[in-house]
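Coordinate inspection notes
In case you want the letters, here they are:
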Amino acid sequence: MSEPGPVPGTEDLLRDLAPRVLGTLVRRHGRFEDCEDAVQEAVLAATTQWPAEGVPGNPRGWLTTVASRRLADQARSDIARRQREAATAAEVAPGEVPDTDDTLLLLFLCCHPALTPASQTALTLRAVGGLTTAEIAGAFLVPEATTAARISRAKQRIRAAGGTFAAPDAPEPRERLPVVLHVLYLIFNEGYAATSGSRLHRPDLAHEAIRLTRAVHARLPEDDEVTGLLALMLLTDARRTARTTPSGDLVPLAEQDRTAWDRALIEEGTALAETALAGPSLGPYALQAAIAATHADAPEAEETNWAQVYALYLILERVAPNPMVTLNRAVALAETAGPEAGLALLATLDGDPRMARHHRLLSVRAHLLERTGDTAGAHDHYRRAAKGTASLAERRHLEARAARLSGDG
């Protein structure tokens, strides 16, 4: 008799369910760190039992029950707590877990005011987004050890502060909204352009970020930045299938088959972007959505309204100064005023420690040098950029560009 094999889709199912189960347990019991440990043990049990016994009819209820029992075991030394745990467990039988999603509440809890913004973001990416410590470090552009320390301290501070849930429309959670949106933005970016690994995309993360942002938007439909972020995600995700070849190689925006873009997502995203731009103030997500909508509006790359893109980046740079915004403005400037103008703007980033040897700066400079005819300089920068990225898809693309310039491609 053959050994049971892995259940197809189990890994994706567990990734989807774990944050929801964690949110449910923390809402009921508090004790974030204990609940996270209990959920991890339940997930581990599922990976060993489900291949042999099959996925249960209510996998979320199964995970919730197993994790709740783990919490009850931990609480046996405290009689009052044990009684409370038992009473809660009796209220909800294994097959009767309410069909509610506490992931959004978990998202706001991870942005607890006792935490620094960096710790809020790191913890949420870990607990809600399911990113590894290395992936979070890549998103922050900081060492992995720094990120691990932030996550550990965040859990301790939430425990010390007695972190509890509150509805996202309450005054205190509304103050956490900017961090919540930033976290969702980072989760989406990791899903759309993975910072490491063999795959360019991690659709599970991108779709989870969109799902959570839709949930926030449903609660706060009048917030222009929530609307803008949702628009940005939809407009960006609409291009996902055109970003790679069948073999997984990266296809730059200018070379993509725009007929493969998802028109339904573009229409929805454009409508949301227009709504966000019509608001009383221009925030960074609304502006980025407007830039994405401008690209989506061009039937061909040559028809892109680069003057409008440049103007929007100029406003964005004033609203939310960031070296990546400046880098993207340099790309738009090169399209309107020539590659030399773009290179001059890139030179202003050379002294920024956040961009030192960053592969994006190197790759953009390589592209602009190539356009000026400096083949040797472009080749050198493409090679250096390839060495600086942990994404295998990006590395292959940059190495191919370098090889083409050297005559090896």
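The structure contained in this document is the topic of the report that follows. (Residues numbered from 1 in each chain as written. Predicted model: local features only at pLDDT ≥ 70, side-chain atom pairs only at ≥ 80, totals over all residues. Heavy atoms only, no water.)

1. A short note on the overall build of the protein chain
The test is simple: The secondary structure listing takes helices from DSSP runs of H or I that are at least 4 residues long and strands from runs of E that are at least 2 residues long, numbered from the N terminus. Only protein chains enter the accessibility calculation, which uses a 1.4 Å probe; a residue whose area is less than 20% of its type maximum is buried, one above 50% is exposed, and one in between is partly exposed. Any pair of residues with heavy atoms lying within 4.5 Å of one another is described as a contacting pair. Surface exposure here means Shrake-Rupley accessible area, sampled with a 1.4 Å probe, where a residue is shielded only by the protein chains that are shown.
Secondary structure assignment for the protein chain yields 20 helices and two strands. For the protein chain, the proportion of its 409 residues judged to be buried stands at 49%. For the protein chain, restricting intrachain contacts to residue pairs at least 6 apart in sequence, the fraction spanning at least 24 positions comes to 64%. Here the protein chain displays about 19,000 Å² of accessible surface, and carbon together with sulfur accounts for 52% of that area.

2. Some remarks on the pattern of salt bridges
Under the convention used in this document: We define a salt bridge as a contact between a side-chain nitrogen of Lys or Arg and a carboxyl oxygen of Asp or Glu at a distance within 4 Å.
Using the criterion set out here, one finds 13 salt bridges in the structure. A salt bridge links K155 to E36; its shortest N-O distance comes to 2.6 Å. Pair noted here: K155 is in helix α8 (residues 144-161) and E36 is in helix α2 (residues 32-53), with a separation of 119 residues, a long-range link. Measuring nitrogen to oxygen at the nearest pair gives 2.5 Å for the salt bridge that ties E317 to R329. Of this pair, E317 sits in helix α15 (residues 306-319) while R329 sits in helix α16 (residues 323-337), and the two are twelve residues apart along the sequence.

3. As for the packing of aromatic side chains
Formally: The rule is short: rings of Phe, Tyr and Trp, with Trp giving its six-membered ring, pair when the centres are within 6.5 Å, and they are stacked under 30 degrees, edge-to-face over 60, tilted in between.
Under the defined criterion, the tally for this structure stands at three aromatic pairs. An angle of 70° between the planes, with centres 5.4 Å apart, marks the rings of W50 and W62 as edge-to-face. Taken together, the positions of W50 in helix α2 and W62 in helix α3 (residues 59-74) put the pair twelve residues apart, joining distant regions of the chain. By the burial criterion, W50 is buried, and W62 matches it.

4. Observations regarding the side chain of E36
The condition that has to hold: Pairs of N or O atoms are called polar contacts if they sit within 3.5 Å, as long as, within protein, a hydrogen donor faces a hydrogen acceptor (for residues adjacent in sequence, only side-chain-to-side-chain pairs).
For E36, a relative accessible area of 8% translates into the label buried. A distance of 2.6 Å separates a polar atom in the side chain of E36 from a polar atom in the side chain of K155. Those residues in contact with E36 that sit more than four places away from it in its chain are L22, R126, A127 and K155.

5. Re the nonpolar core
The following threshold applies: As used in this record, nonpolar core signifies buried Ala, Val, Leu, Ile, Met, Phe, Trp, Tyr and Cys residues forming a set joined through side-chain atoms within 4.5 Å.
Formed by 75 residues in total, the largest nonpolar core has its most connected members in L22, F32, V39, L63, L123, L184 and V216. When residues of this core are assigned to their parent elements, the largest contribution, ten residues, is made by helix α10 (residues 177-192). One finds A290, L312, L368 and A386 within the second-largest nonpolar core, a separate group that totals 32 residues.

6. A word on the packing of helix α12 (residues 224-237) against helix α13 (residues 263-277)
We apply this condition: Axis definition: a line fitted to C-alpha atoms, limited for helices to the stretch in contact. Angles are taken between N-to-C directions and run from 0 to 180 degrees. When describing relative orientation, an angle under 35 degrees is termed roughly parallel and one over 145 degrees roughly antiparallel, while 65 to 115 degrees is termed roughly perpendicular and anything else oblique. Two helices that cross are described as forming a left-handed crossing if the nearer one is turned anticlockwise from the farther one by less than a right angle, and a right-handed crossing if clockwise. Polar here means any residue outside two lists: the nonpolar Ala, Val, Leu, Ile, Met, Phe, Trp, Tyr, Cys and Pro, and the charged Asp, Glu, Lys and Arg; Gly therefore counts as polar.
The geometry of α12 relative to α13 is characterised by a closest axis approach of 8 Å and an angle of 155° between their N-to-C directions. With respect to their mutual orientation, α12 and α13 come out roughly antiparallel. Helix-helix and strand crossings are classified by hand; for α12 and α13 the assignment is left-handed. Mapping the contact onto sequence places D224, T227, G228, L230, A231, L234, L235 and D237 in α12 and L265, I266, E268, G269, T270, L272, A273, T275 and A276 in α13. Classifying every residue of the contact of α12 with α13 by side-chain character gives nine nonpolar, five polar and three charged.

7. Considerations on a negative patch on the surface
Where we set the bar: A residue counts toward a patch only above 30% relative accessible area and without a salt bridge, and it is joined to like-charged neighbours within 9 Å or, for Val, Leu, Ile, Met, Phe, Trp and Tyr, to nonpolar neighbours within 5 Å. Charged residues are defined here as Lys and Arg on the positive side and Asp and Glu on the negative side; His and the ends of the chain fall outside this count. Every charge is mapped onto a representative atom, which is NZ of Lys, CZ of Arg, CG of Asp or CD of Glu.
Together, D257, E300, E302 and E303 line one region of the surface with negative charge. On the secondary structure map, E302 appears in the loop between α14 (284-297) and α15.

8. Quick look at α8
This is how it is decided: Expected helix span is given by 1.5 Å per residue-to-residue step, counting one fewer step than there are residues. Directions pointing from the helix axis toward each C-beta atom define the arc.
For α8, built from 18 residues, the straight-helix expectation of 26 Å at 1.5 Å per residue is met to within 8% by its first-to-last C-alpha distance of 26 Å. Those residues of α8 that sit buried are T147, R150, I151, A154, K155 and I158. Buried positions in α8, seen along its axis, are confined to an arc of 130° and lie on one side of it. For α8, exposure combined with an orientation more than 90 degrees from the buried face picks out A145, R159 and A160.

9. Observations regarding the environment of S406
Note on placement: S406 falls in helix α20 (residues 392-406). Overall, S406 belongs to the partly exposed group, its relative accessible area being 36%. Spatially, the C-alpha atoms of S406 and A376 are 8.2 Å apart, while their sequence positions differ by 30 residues. Only 3.0 Å separates the side chain of S406 from the backbone oxygen of A403, close enough to count as a polar contact.

10. Examining the packing of helix α5 (residues 103-110) against helix α11 (residues 203-219)
Remark: α5 packs on α11, axes separated minimally by 10 Å, with the N-to-C direction vectors making an angle of 90°. Relative to α11, the element α5 is oriented roughly perpendicular. Contact residues: T103, L104 and L107 in α5; E208, R211, L212, A215, V216 and R219 in α11. Here the residues of the contact of α5 with α11 are counted per class, giving five nonpolar, one polar and three charged.

11. As for the state of the cysteines
The criterion, for reference: Disulfide assignment relies on a single distance test, namely cysteine sulfur atoms paired within 2.5 Å.
Taken as a whole, this structure holds zero disulfides when the rule is applied. Cysteine C111 shares no disulfide, and the gap to the nearest cysteine sulfur, in C110, comes to 6.7 Å. Look at C111 and you get buried, because its relative accessible area is 0%.

12. Overview of α20
For α20, which comprises 15 residues, the first-to-last C-alpha distance of 21 Å matches the rise-based estimate of 21 Å (1.5 Å per residue) to within 8%. Within α20, burial applies to A393, H397, L398, R401 and A402.

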